[in-house]
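Residue-level structural notes
Here's the letter readout for the chains.
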Amino acid sequence: MLAWKRRLSITAAMACAVTAQGQGAAPARPASQAAAPWWSGAFLYEIYPRSFGDSNGDGVGDLPGITQHLDDLKWLGVDAIWLTPSYPSPQIDFGYDISDYEAIDPQYGMMADFAALQSAASSRGIRVLMDMVLNHTSDQHAWFKESATSRTNPKADWYVWNDGLAATAPGLLSVQKANVHDGRVPPNNWTSLFGGSAWTWVPARRQFYYHKFYVQQPDLNWRNPAVERAMFDVMRFWLDRGVAGFRLDAIPTLFEDPGLRNEPESGGIDPFGAPNLRHIYTENLDEVHGVIKRMRAMVDGYPGNRVLVGETYLPDTAALDKWYGGAAQDELHLPMDMLVGFGAGAAYRADYFRPLLRAAQTDLHGAMPLLVFDNHDQVRSIDRFADGVHDRAIAKGIAAILLLSRATALTYYGAPIGMRTATPTRREDVRDPIGISGWPREKGRDGERTPMQWTAGAQAGFSTSTQTWLPVSPDHVTINVATERADPASLLNWHHTLIALRRSEPALSRGTMQLVGTDPDILAWKRRDPQTGATVLVAINMSGTSRTIDPADYDPAKRPGQAVHTLAQTGGASVSAKAVVLSPYDIWVGKVM
Ligand code: NOJ
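The sections below set out a description of the structure shown in this document. (Residues numbered from 1 in each chain as written. Predicted model: local features only at pLDDT ≥ 70, side-chain atom pairs only at ≥ 80, totals over all residues. Heavy atoms only, no water.)

1. Side note on the packing of aromatic side chains
Following the criterion strictly, the structure yields 29 aromatic pairs and no others. Note on Trp-190 and Tyr-210: the rings are 5.5 Å apart at their centroids and 75° apart in plane angle, and the pair reads as edge-to-face. Of the two residues, Trp-190 is situated in the loop between β6 (184-185) and β7 (199-202) and Tyr-210 in strand β8 (residues 207-210); the sequence distance between them amounts to 20 residues. Taking 4.4 Å as the distance between ring centres and 50° as the angle between the ring planes, the aromatic pair formed by Phe-194 and Tyr-214 counts as tilted. Placement of the pair is Phe-194 in the loop between β6 and β7 and Tyr-214 in the loop between β8 and α7 (225-240), with a sequence separation of 20 residues. A relative accessible area of 5% means that Phe-194 is categorised as buried. The rings of Tyr-87, Tyr-101, Phe-114, Trp-143, Trp-158, Phe-237 and Trp-238 are connected pair by pair, giving a single aromatic cluster. Here the basic side chain of Arg-50 rests over the ring of Trp-469, its NZ or CZ set 4.4 Å away from the ring centre. Geometry around Tyr-413 places Arg-380 over its ring, the cationic atom sitting 5.1 Å from the centre. (Phe/Tyr/Trp six-rings, centres within 6.5 Å; stacked < 30°, edge-to-face > 60°. Helix = DSSP H or I, 4+ residues; strand = E, 2+ residues; numbered from the N terminus. Buried < 20%, exposed > 50% of the residue type's maximum accessible area, 1.4 Å probe, protein only. Lys NZ or Arg CZ within 6 Å of the ring centre and 35° of its normal.)

Structure follows, in structure tokens:
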């Protein structure tokens, strides 16, 4: 298990403690917000550029390769794409180690290719979000190179440097004792999420620097105002070029405890051999919120409703609410709700989803939740939620939760066609460094990053090269865009139908959401258009037995003679005003009239 997958389990254990505060529907958007910003309720699509489309046949995806596939995204109904980092980078962490924030990595193209992508996307009504890595840079970034030369250079204080302790100091812990240099050891027991001590020695300074992630990803010192100024300038660079906003990488990790206190052990050892820690002094420190409020003000100064999306793995909905800025809503526009998609004990069960979905509606001061089930760091949702028998039916249920909730929806390339996680089976095939150092307990993230499957043909239509950077999964002969577009019952067409419905039905595009029922097997909710009162009911049978629901039970008005009209369904649910019979794993979406 990846380090922060482990962190997720801590997170989600706390998530289980989420109490459903109130059973009511989320408040309707106040009249003053009637003209909702574009991102509110939008459908966002994450692209991993290395793996989406290879235009020049070198086996690695690139920006023109994304441009070539924009029509597919338009057909699906995508409002915005988020590109994972495409800046110049040594690619130790496949772009999350940035060496120049104001250019495009030559292997993905040039600035002109970025401009062409943006303009082609814009002409299709698709916005472009960049990934912004603020916690750390590459060790090859000019700032770090300068900072590492001495203790007195102009950038000396741009990163988190420390003298460490004498190797003879009392009470040292094993992770410190394993890291002795010139008679010094790290100041505390902090570990990198990617393995080993989080402190690396630099002889030129006779000091350690801190890195939450790889050794090659030194953490910036956000207590230095020059760092904030430089990073806001970088953001302006892209905002000035018209990007619609940013996904903020690892944003809760900007600050560390100034007292450098040891983090408590939480039991067991991580995949890299160090004790598991509760990251209470290196994550989610309150100080970060000041930065985010200033960032929000800066971004809101631009026209066009630019958006700040956060990679926010958090313990519970109350913590998530803080990232919106609570009642003031003056921080992130869309911190990701990782609780629903990645919570501990996650299972395809109504009683797992119901309290989490309800909390997202009732406990965020009416803010728009951002649901996410898939990304480039986690085993694909189809492999986490499916049972090996009803996999595609279950993937349709996940899509229904994602797309029919009152939420902005974020998907990941390949999820709408049901691409599977293809984890390497041999260490020598692994490309993600944590999969090499953590093997076999941590096999890395290659499995969820394999090339996009466009066709049943050679290399799945991803590349003309047979040497793709990760192998094309052999299942592309059946799981691919072309085949699924031609099949009305496919997972891809299910997504297409739901996205169209989400746009055309006012109850789904602007309605309130209320979780209904208590059945552990039937997840059901009601969307109600505050303007017309029209109601859409979504019911998902999460069990292997047929179940009957009475739509009237879900409508407090219970008008006699009420009719129901099916909008979408996966199986052949038999439907009447009094009874909807759902076959095993069926999904039914209907309008109550
Ligand atoms: C989170 C990103 O999603 C992940 O891919 C990356 O390795 C770390 N942050 C470090 O930037």
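So much for the structure itself; the text now carries on.
2. Observations concerning the site of the ligand
The local shell around the ligand holds 13 residues, among which Asp-93, Asp-249, His-376, Asp-377 and Arg-445 are the closest. Note that an oxygen atom of the ligand is positioned 2.5 Å from one of the side-chain N or O atoms of Asp-377. Note that an oxygen atom of the ligand is positioned 2.9 Å from one of the side-chain N or O atoms of Arg-445. Considered on its own, the ligand offers 300 Å² of accessible surface; in the complex 99% of this is hidden by protein. (Near = heavy atom within 4 Å. Polar contact = N/O pair within 3.5 Å; in protein donor to acceptor, adjacent residues only side chain to side chain. Areas by Shrake-Rupley, 256 points an atom, 1.4 Å probe, with all protein chains shown as cover.)

3. Structural notes on the pattern of salt bridges
Applying the stated rule across the entire model yields 33 salt bridges. Taking the shortest distance from any N to any O, the salt bridge between Arg-247 and Asp-249 comes out at 2.8 Å. A relative accessible area of 2% places Arg-247 in the buried class. For the salt bridge of Lys-322 with Asp-286, the shortest nitrogen-to-oxygen distance reads 2.8 Å. Here Asp-286 lies in the loop between β11 (275-277) and α8 (288-300) and Lys-322 lies in helix α9 (residues 317-324), a separation of 36 residues in the sequence. Several salt bridges share partner residues, and in doing so they unite Asp-93, Asp-377, Asp-432, Arg-445 and Arg-449 into one network. (Salt bridge = Lys/Arg side-chain N within 4 Å of Asp/Glu carboxyl O.)

4. Considerations on the sheet that holds strand β13 (residues 334-337)
Spatial strand order, β1-β2-β3-β9-β12-β13-β14-β15: eight strands in a closed barrel with parallel pairing. Direction aside, neighbouring strands of the sheet carry axes that sit 25° apart on average. Inspection of the sheet shows strand β9 (residues 245-249) paired to strand β12 (residues 307-310) by four bridges, in the parallel sense. Looking at β12, one finds that Leu-248 is bridged to Gly-310. (Pairing = 2+ DSSP bridges. Axes fitted to C-alpha atoms, helices over the stretch in contact; angles between N-to-C directions.)

5. Some thoughts on the pairing of β7
Going residue by residue along β7, you find Trp-199 and Trp-201 tucked away on one face and Thr-200 and Val-202 tucked away on the opposite face as well. Alignment of β7 against β8, held across four bridges, turns out to be antiparallel. If you follow Trp-199 over to β8, its bridge partner there is Tyr-210. Hairpin connection from β7 to β8: four residues lie between these consecutive antiparallel strands, with Arg-206 at a positive phi of about 50°.

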